[in-house]
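# Secondary and tertiary structure notes
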Amino acid sequence: MAIMNARTRPIFWLQPSLPALPSLRAMLRAAITRRYLAEMDDRMLKDIGISRMDARQEAERLPWDITPPRP
């Protein structure tokens, strides 16, 4: 039987759980693709099935806001 002391025993209740943050690469990709989306004309937006208002709302989101918005 192993003896566990304060140095070897993990203390889970002292380790705060942080929310999962997106990586810098994911945030950069989101910022770039949102900029491209904002620059599209109405014909291109119609081709991908997005209205001008939806494109503007998506382009205004912050880079770390990567999860899709709730309906």
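Rules and cut-offs
Residues numbered from 1 in each chain as written. Predicted model: local features only at pLDDT ≥ 70, side-chain atom pairs only at ≥ 80, totals over all residues. Heavy atoms only, no water. Helix = DSSP H or I, 4+ residues; strand = E, 2+ residues; numbered from the N terminus. Buried < 20%, exposed > 50% of the residue type's maximum accessible area, 1.4 Å probe, protein only. Contact = heavy atoms within 4.5 Å. Salt bridge = Lys/Arg side-chain N within 4 Å of Asp/Glu carboxyl O. Expected span 1.5 Å × (residues − 1). Arc of directions from axis to C-beta.

With that settled, the discussion passes to the overall build of the protein. The helix and strand inventory of the protein stands at three helices and zero strands. Element order for the protein, N to C, with α for helix and β for strand: α-α-α. Sorting the 71 residues of the protein into buried and exposed places 10% on the buried side. By sequence separation, contacts in the protein at least 24 residues apart represent 47% of the contacts at least 6 residues apart.

Turning to the pattern of salt bridges, a few remarks are in order. A full pass over the atoms with the stated rule returns five salt bridges. Residue Glu58 is joined to Arg34 by a salt bridge in which the shortest nitrogen-to-oxygen separation is 2.9 Å. On the criterion of sequence distance, the pair formed by Glu58 in helix H3 (residues 52–59) and Arg34 in helix H1 (residues 24–39) is long-range, its members being 24 residues apart. Here Asp47 ties to Arg43 by a salt bridge, and the two come within 3.9 Å at their closest N and O atoms. Residue Asp47 and its partner Arg43 are both found in helix H2 (residues 42–48); the two are separated by four residues, about one turn of the helix. Across the pair, Arg43 and Asp47 agree in class, each one exposed. The network of salt bridges with common partners includes Arg34, Glu58, Arg61 and Asp65.

Turning to H1, a few remarks are in order. In an α-helix, one turn spans 3.6 residues; hence positions three or four apart end up facing the same way. Taking 1.5 Å per residue, 16 residues should reach 22 Å; H1 reaches 23 Å between its end C-alpha atoms and fits that length. Turning to H1, its buried residues are Met27, Ala30, Arg34 and Leu37. The arc that holds every buried residue of H1, seen down its axis, measures 90°, which confines them to one face. Seen from the buried face of H1, the exposed residues on the opposite side, beyond 90 degrees, are Leu24, Arg25, Leu28, Arg29 and Glu39. Elements that come into contact with the buried residues of H1 comprise H2 and H3.

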